[in-house]
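# A structural walkthrough
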Amino acid sequence: MKIDIDQALREGILTEGQVIALKEMNQRKSISSSATDQDEKIGLIKGYNDIFITLAILLLAFGIYLVSPDDLNGIFIAVLGWISAEILNKKYRSILPMIVSTTLLAGMIEVLPIDLLTDFGDATDFTIIPYTLIPLAILVAAYWRFKLPFTLALIATNLVITTMILMLTIAWKVLGISLYDNQYLIQLFSFLSGIVVFIFAMRYDLSDPQRITRRADCAFWLHIIASALIIHGALGQTLSNVEDSSILLVGCVLLFILVVALLINRKSPIVASLIYAGSAIYFVTENAVSSDGDVSLAITTIILGIVMFATSIFWHQLRYFIMSFIEDTKLGEKLPPAHAPE
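Residues numbered from 1 in each chain as written. Predicted model: local features only at pLDDT ≥ 70, side-chain atom pairs only at ≥ 80, totals over all residues. Heavy atoms only, no water.

For the rest of this paragraph, the subject is the pattern of salt bridges. Counted according to the given criterion, the structure contains two salt bridges. Across the pair Arg145 and Glu86 runs a salt bridge, and its minimum N-O distance is 3.0 Å. Here Arg145, found in helix H7 (residues 128–146), pairs with Glu86, found in helix H4 (residues 73–91); they are 59 residues apart in sequence, far enough to count as distant. Measuring nitrogen to oxygen at the nearest pair gives 2.7 Å for the salt bridge that ties Arg266 to Asp205. With Arg266 in the loop between helix H11 (244–264) and helix H12 (268–288) and Asp205 in helix H9 (residues 183–207), this residue pair connects regions lying 61 residues apart in the sequence. Both residues of the pair, Arg266 and Asp205, belong to the buried class. (Salt bridge = Lys/Arg side-chain N within 4 Å of Asp/Glu carboxyl O. Helix = DSSP H or I, 4+ residues; strand = E, 2+ residues; numbered from the N terminus. Buried < 20%, exposed > 50% of the residue type's maximum accessible area, 1.4 Å probe, protein only.)

Here you go:
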């Protein structure tokens, strides 16, 4: 039951001082609630029925994969993904089953460009390009049809793959240069692609700083793809060959990512960087304990767990501290507000 404070004042139930105190209390509660509401809300499931439907879709996909011809099972599963998404979109719109259906659709149609990229050396002309655009067209149609923010992440991934195939094809067929084995160039491309995706994600974020519309969900999924691409581009070589000299680089990059994550109030970049942080920690501890892999793995997981736990608990305090340096700037005004923790 809501109480009209102003009406209570007019009827003499409350004094003017009491009304002012009540309004100040409500304002403090509203600010505290606003700070809490800024956390990333995914809303994957509404109840157990969502999990039940998801399992049913996965069982159907597995059964179809087993009984369908090898050359056509991808098409059949993609059709299943679209039909199940249609049904869920009309009858029971829930995020997790819709994500699974869209992933089945995308996962099967993405096999073509990935296979083409893997077998790039066998390509003879530019005829492979249209085949990479077919999955993109299907994903765009799926986003237009179902308006699922998760689909934007799949579209971004497809665009990165398609652009890479186009770049490698032009280099080989026009310039006569084989770039497929140039890992540094691939990393640079990954980094630049991540920056582009990050810019689009920030456009969604800046248009909804309070994160109350679907645009915030679109930004969430794009940030996941962007952070993975950026981290891989910046630290890709350290994952397979960690050296003493690279530990400092990993630490500096991860610290920078933490600051960016705090500024934009997104935890997804931190999650994406944990793989590379874990690789660096494992390398250091493995050398320190005479190559005992079990002990190194234990120390790595404990350190990562402590960092994740501390970051989650003190997230608002850290963000308030970081934002205090730019709150009066134009950038600070566009970013989600940071309120003083209680």
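Moving on from the model shown.
Phi is mostly negative for residues that are not glycine, and the peptide bonds are mostly trans. A positive phi angle, near 55 degrees, is found at Lys147, a position not held by glycine. Secondary-structure assignment places Lys147 in the loop between H7 and helix H8 (150–173). Note on Lys147: relative accessible area 36%, which makes it partly exposed. Its identity as a non-glycine residue notwithstanding, Asn265 has a phi of 60 degrees, on the positive side. Along the polypeptide, Asn265 turns up in the loop between H11 and H12. Classification of Asn265 as buried rests on a relative accessible area of 3%.

As a further point, take a positive patch on the surface. On the surface, a cluster of positive charge is made up of Arg93, Lys147, Arg203, Arg214 and Arg215. You can see Arg215 is positioned in helix H10 (residues 214–240). (Patch = residues over 30% accessible without salt bridge, like charges linked within 9 Å, V, L, I, M, F, W, Y side chains within 5 Å. Areas by Shrake-Rupley, 256 points an atom, 1.4 Å probe, with all protein chains shown as cover. Lys, Arg positive; Asp, Glu negative; His and termini not counted. Charge placed at Lys NZ, Arg CZ, Asp CG, Glu CD.)

The subject of this paragraph is the nonpolar core. Counting residues in each nonpolar core, the largest one holds 40 residues, and the members touching the most others are Leu104 and Val197. Elements supplying a minimum of two residues to this core: helix H3 (48–67), H4, helix H5 (95–109), H7, H8, H9 and H10. In terms of residue count, the dominant contributor to this core is H8 (nine residues). Those residues within four positions of Val197 in sequence are excluded, and the remaining contacts are Ala156, Leu222, Ile225, Ala226 and Leu229. If you look at the next biggest cluster of nonpolar residues, it comprises eleven residues, including Ile264, Ile270, Ile326 and Leu335. (Core = buried A, V, L, I, M, F, W, Y, C linked by side-chain atoms within 4.5 Å. Contact = heavy atoms within 4.5 Å.)

Moving on: the confidence of the model for the protein. Looking at the protein as a whole, its pLDDT mean stands at 77, while 73% of the residues score no less than 70. Ignoring residues within four places in sequence, the model shows residues 31–37, a span with pLDDT below 50, making seven contacts including any to other chains. Scored below 50 in pLDDT, residues 116–124 makes 15 contacts in the model with residues more than four places away or belonging to other chains. (pLDDT = per-residue confidence, 0-100.)

What follows is about the packing of aromatic side chains. One pass over the structure, following the stated rule, counts four aromatic pairs. Centre to centre, the rings of Phe150 and Trp221 are 4.9 Å apart; their planes meet at 80 degrees, and the pair counts as edge-to-face. Separated by 71 residues along the polypeptide, Phe150 in helix H8 and Trp221 in helix H10 bring together distant segments of the chain. Pair check on accessibility: Phe150 and Trp221 agree, each one buried. Plain terms: the ring middles of Phe321 and Phe325 are 5.2 Å apart, the flat faces sit at 90 degrees to each other, and that makes the pair edge-to-face. Grouping aromatic residues by their ring pairs yields a cluster made of Phe150, Phe220 and Trp221. In this structure, Lys267 is placed above the aromatic ring of Trp315, and the distance from its NZ or CZ to the ring centre is 4.4 Å. (Phe/Tyr/Trp six-rings, centres within 6.5 Å; stacked < 30°, edge-to-face > 60°. Lys NZ or Arg CZ within 6 Å of the ring centre and 35° of its normal.)

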